[in-house]
Amino acid sequence: MGSFEKDGNGAAGGLPPPPPVPPNVVPLRAQEEQGTEALKKKIVRLPMERRGLGSKGQKIMILTNHFKVNVTNVEGYFYHYSVTVSYEDGRPVDGKGVGRKVIDRVKETYDSELSGKDFAYDGEKSLFTVGSLPRNKLEFTVVLEDLSSNRTNGNASPGSPNESERKRLRRPYQSKTFKVEISYAAKIPMKAIASALRGQESENSQEALRVLDIILRQHAAKQGCLLVRQSFFHNEPRNFVDVGGGVLGCRGFHSSFRTTQGGLSLNIDVSTTMIIQPGPVVDFLISNQNVKDPFSIDWAKAKRTLKNLRIKTSPSNAEYKITGLSDKPCREQLFSMKQKGRDGDSECQNVEVTVYDYFVNYRHIELRYSAELPCINVGKPKRPTYIPIELCSLVSLQRYTKALSTFQRSSLVEKSRQKPQERMRVLSEALKINKYDSEPMLRSCGISIGSNFTQAEGRVLPAPRLKVGNGEDFFPRNGRWNFNNKKLVDPTKIERWAVVNFSARCDIRGLIRDLMKCGDMKGIRIEPPFDVFEESGQYRRAPPVVRVEKMFEEIQSKLPGAPQFLLCILPERKNSDLYGPWKRKNLADFGIVTQCIAPTRINDQYLTNVLLKINAKLGGLNSMLAVEHAPAIPLVSKVPTIILGMDVSHGSPGQADVPSIAAVVSSRQWPLISRYRASVRTQSPKVEMIDNLFKRISDTEDEGIFRELLLDFYVSSGKRKPDQIIIFRDGVSESQFNQVLNIELDQVIEACKFLDEKWNPKFVVIIAQKNHHTKFFQSGSPDNVPPGTIIDSKVCHPRNNDFYLCAHAGMIGTTRPTHYHVLYDEVGFSADDLQELVHSLSYVYQRSTTAISVVAPVCYAHLAATQVGQFLKFDEGSETSSSHGGTSAGPVPVPQLPRLQENVSSSMFFC
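Parameters and conventions
Residues numbered from 1 in each chain as written. Predicted model: local features only at pLDDT ≥ 70, side-chain atom pairs only at ≥ 80, totals over all residues. Heavy atoms only, no water. Helix = DSSP H or I, 4+ residues; strand = E, 2+ residues; numbered from the N terminus. Buried < 20%, exposed > 50% of the residue type's maximum accessible area, 1.4 Å probe, protein only. Contact = heavy atoms within 4.5 Å. Phe/Tyr/Trp six-rings, centres within 6.5 Å; stacked < 30°, edge-to-face > 60°. Lys NZ or Arg CZ within 6 Å of the ring centre and 35° of its normal. Pairing = 2+ DSSP bridges. Salt bridge = Lys/Arg side-chain N within 4 Å of Asp/Glu carboxyl O. Expected span 1.5 Å × (residues − 1). Arc of directions from axis to C-beta. Core = buried A, V, L, I, M, F, W, Y, C linked by side-chain atoms within 4.5 Å. Polar contact = N/O pair within 3.5 Å; in protein donor to acceptor, adjacent residues only side chain to side chain. pLDDT = per-residue confidence, 0-100. Axes fitted to C-alpha atoms, helices over the stretch in contact; angles between N-to-C directions. Parallel < 35°, antiparallel > 145°, perpendicular 65-115°, else oblique. Nonpolar A, V, L, I, M, F, W, Y, C, P; charged D, E, K, R; others polar. Left-handed = near helix turned anticlockwise from the far one by under 90°.

If you tally the helices and strands in the chain, you get 23 helices and 39 strands. Here the chain holds 911 residues, and the buried ones make up 52% of them. For the chain, the share of sequence-separated contacts (at least 6 apart) that also reach a separation of at least 24 residues comes to 73%.

Structure below.
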């Protein structure tokens, strides 16, 4: 009570005194641990409601790829049933895709017992109907002809060839019997959709929308589409683009139901997935391995690539899954075949035949090039079934899930970009093709989908004013600016530096001369370099780590002391193997700032961009916001404020045990919001929540990320603690918002309390999402929406505080807006002030002279995670276990990252 009594005019002032404690009461001692745990569990933070709409900026009419959905049957119920499918002997069915066939057969065979109800089946364990089925538990038995295993055509054919041909005609399929159990699980009122539209989301409303999404998926599955989450891909060769390596980009559509302020809408967008090039297996392998003919194929590699892919065989057109390759070539690979005796006696005898012999002499199928190549095995490990490779073709629409090479990715981007108007045309067409009006389930829900793009009112925010050198002000135009005839706002001096050349062919003298001249124009004074270190020819073919080590021995023997900066010239463009080991050596071992370049055409623009990065890394600043200089940023300039960007990057698909890398960047030198530093840690593979924000190792020690950033802020901001902490979190989906609010934010609060029990900063938590499917178009204009376009109404959430912003000028393809969700705001920003802050933070990215599509701290976090992730690539031991998908018994220990040296750890090394 003490604190209340002191505060006579506070909340306690108006309360009556507590009742007297009766005598002989022994106070119970609360179990402290449990008590505090219980208290902690109680406060569950939920995403905040929208407090109002923004009003700044010039109004603009915008079309979005949301299509209005009308729902008339709001009184009904969806009934949810759980489904189990098993074989006759009770074994559960695990094969993918069998479920749909079985359930379709149930529907055909037992339609009247099911009172003619339509199903929405998710292909796994859930089935939904509109209204209930006749009984709560139903059991059915159905028979399916098994198309995939025409086991009779192959080598284990009984009897003579012509007899097996006859058998094949007589008994084309093996049939299988399935048992299906459908039992009632729950009912979901359709009213839940209406309440979600009023902003009252519940478990029910999410389920109801999930049913609608399942209906769309099933609709696509019936048309023979490949389904990838909410996207559908038709088997349409005109939608395929070849990106090299036997991989095609396949264009399809994403579609999902969304609740918005304007009602229920169907969001349709173009989407792309990667598939294996269909057609002859050999053609695919030649392309995949980039070899000239079948005889140059690396078969060990081919075996890994082909495993589990589906093929069709000619001439029988049966479909199989590849289980492996034969050990010997077709001409030598034997198998045993039953053959009737010569004298017409009925005794069968086993004869050994080669696969080649069997197909050519018994089956009379001509083989042109298979003799010397391995056969494809489609049998079981104990009972192989071999087929000559030239009779095998890969089935279409099989996903390719490995990471793309740099070359494949750029080829894909180039070939799949669409200008806004082309995209609108394709989307309108998609609505027509999909014929949603004919979908019986949607009909029985009374759902109809409009055919017009939703119109919304956007606003174009004016670009913020920038400061450059000599006190000059500067207005970006169309989201861009340049430094022609301008000085940088805070240029550094480069005095002790050297150039390192890893065997790149390059006019180094000319490069140094031009760099110094260009620096001079920007206000950076660059002394001549101490030396140019050329890689000695004998190490050119050595492993990357060795090349870096040798280069450093050379540098150490010649340089009088540690350089301020090293310019490194890499021999090949883009991802050079030297990059990771070189960065690691400089930053973690020696604390040297370094800039890598892989010059092809060097011009002033190129050199200016390189200098922008060097200046930022060495502690300079290229440009800053005028409001930051003044300082006049609403709410941020008045009270010490730290701005954080958080991101987690994961290994590429197929690498099961590559650790994930969490990076958090934080602003420093308040009241600035243009200077940042980063802290990076590894964590368990594929874990999205950052688990190292607070890491208590004793009563006084916290080794977490956050403490490191807070101390840096304190030191760099004139010994002030931040009283406001604004967190931008990248890369989490809506289902994880509550975890960010209740797990990550808790860790940050603990880290603050650990430093100072009495300190209560205010928090703002904002999620930035790039992978969503809402796009904007200008009606009647072929151009993308102008930079600064913001939308916080109509297609935004009915209750939550979200908005879309296109801060950048979309130069190619269709602009993808960033979707910001303000989950939490204790500072009390107005809609305009917060939107303006987010917009301004798209203009403080030091690497470029353009507004970027997502706030700079998030971009920096991404860069830091990627760069430090390169450190791990060449670690001892990282090669042995990873990327071959070996599953180990226990959890894999996560390798720790080397810590950066003190003098570079607070620099913008990631810039």
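From this point, the narrative continues.
Overall, the coordinates contain 21 aromatic pairs when judged by the stated rule. Their ring planes at 65° and their centres at 5.4 Å tell us that Phe694 and Phe754 sit as a pair that is edge-to-face. Of this pair, Phe694 sits in the loop between β33 (676-683) and α18 (705-716) while Phe754 sits in helix α19 (residues 737-755), and the two are 60 residues apart along the sequence. The exposure class assigned to Phe694 is buried, which follows from its relative accessible area of 13%. The rings of Tyr676, Tyr845, Tyr860, Phe909 and Phe910 are connected pair by pair, giving a single aromatic cluster. The residue whose ring lies beneath Lys187 is Tyr77, and the NZ or CZ to ring-centre distance is 4.3 Å. One residue, Arg331, lies across the ring of Tyr356, its end atom 5.1 Å from the ring centre.

The next point concerns the sheet that holds strand β20 (residues 392-394). Here four strands make up an open sheet; going across it, the order is β12-β20-β13-β14 and the pairing antiparallel. Every other strand in the sheet has two partners, leaving β12 (279-280) and β14 (319-321) as the edge strands with one partner each.

We now examine the pattern of salt bridges. On inspection of all chains with the given rule, the structure shows 42 salt bridges. Salt-bridge contacts for Lys585 lead to Glu549; the nearest nitrogen and oxygen are separated by 3.2 Å. A residue pair is termed long-range when its members are at least 10 positions apart, and Lys585 in helix α15 (residues 579-590) and Glu549 in helix α14 (residues 544-558) qualify at 36 residues. According to the relative accessible area criterion, Lys585 is buried, its value standing at 13%. Ionic pairing is found between Asp756 and Lys721, a salt bridge with its closest N-O pair at 3.1 Å. Taken together, the positions of Asp756 in the loop between α19 and β35 (762-769) and Lys721 in the loop between α18 and β34 (724-730) put the pair 35 residues apart, joining distant regions of the chain.

A separate point is helix α11 (residues 420-434). The terminal C-alpha atoms of α11, which comprises 15 residues, lie 21 Å apart, in line with the 21 Å expected from a rise of 1.5 Å per residue. Buried within α11 are the following residues: Pro420, Arg423, Met424, Val426, Leu427, Ala430, Leu431 and Asn434. For α11, the arc enclosing every buried residue in end-on projection is 165°, short of the 170-degree limit, so these residues lie on one face. Where α11 is buried, its residues contact β1 (58-71), α6 (203-222), β10 (247-260), β11 (263-276), β21 (447-460) and β36 (776-778). Of the residues one or two after α11, Lys435 is the one with positive phi, at around 45°.

Omega for the bond connecting Ser314 with Pro315 falls within 30 degrees of zero, at 0°, which places this linkage in the cis form. Position of Pro315 relative to the elements: it lies in the loop between β13 (310-313) and β14. Going from Trp670 to Pro671, the amide bond is cis rather than trans, its omega being 15°. Within the secondary structure layout, Pro671 lies in the loop between β32 (660-667) and β33. A positive phi angle is found at Asn485, which is not glycine, with a value near 55°.

A separate point is the nonpolar core. Ranked by internal contacts, the top residues of the largest apolar core, which has 87 residues, are Tyr860 and Phe910. Of all the elements, helix α21 (residues 856-873) adds the most residues to this core, at 11 residues. Once residues within four sequence positions are removed from consideration, Phe910 is found in contact with Val665, Tyr676, Arg677, Ala678, Arg847, Tyr860, Leu863, Ala864 and Gln867. With 42 residues, the next largest nonpolar core counts Val247, Met337, Phe359 and Leu412 among its residues.

This part covers the environment of Asn65. Along the chain, Asn65 turns up in strand β1. Those residues in contact with Asn65, other than ones at most four positions away along the chain, are Leu266, Asn267, Ile268, Asp269, Leu427, Phe453, His773, Thr774, Lys775 and Phe777. At 2.8 Å, the side chain of Asn65 and the backbone nitrogen of Lys775 are in polar contact.

Glancing now at the pairing of strand β2 (residues 77-87). Across the 11 residues that make up β2, a large majority, eight, are buried. Judged from the five bridges that link them, β2 and strand β4 (residues 126-130) form a sheet pairing that is antiparallel. When the bridges of β4 are listed, Tyr81 appears paired with Leu127.

Let us look at the confidence of the model for the chain. Per-residue pLDDT for the chain averages 85, and the proportion of residues at 70 or more is 88%. Note on residues 876-888: pLDDT under 50 across the span, and 11 contacts to partners over four residues away in sequence or across chains.

Time to look at the packing of α15 against α21. For any two helices packed against each other, the geometry is given by the interaxial angle and the distance between the axes. Closest axis-to-axis distance for the α15/α21 pair is 8 Å, and the angle between their directions is 105°. By the criterion of interaxial angle, the relationship of α15 to α21 is roughly perpendicular. Contacts from Tyr579, Gly580, Lys583, Arg584, Leu587 and Ala588 in α15 reach Gln867, Gln870 and Phe871 in α21. Broken down by class, the residue content of the contact of α15 with α21 amounts to four nonpolar, three polar and two charged.

Between helix α7 (residues 281-289) and helix α8 (residues 299-306), the shortest axis-to-axis distance is 11 Å and the interhelical angle comes to 110°. Relative to α8, the element α7 lies roughly perpendicular. Crossing handedness for the pair α7 and α8: right-handed. Each of Val281, Phe284, Leu285, Asn288 and Gln289 in α7 lies in contact with α8, whose residues at this interface are Trp299, Lys301, Ala302, Thr305 and Leu306. Tallied by class, the residues present in the contact of α7 with α8 amount to six nonpolar, three polar and one charged.

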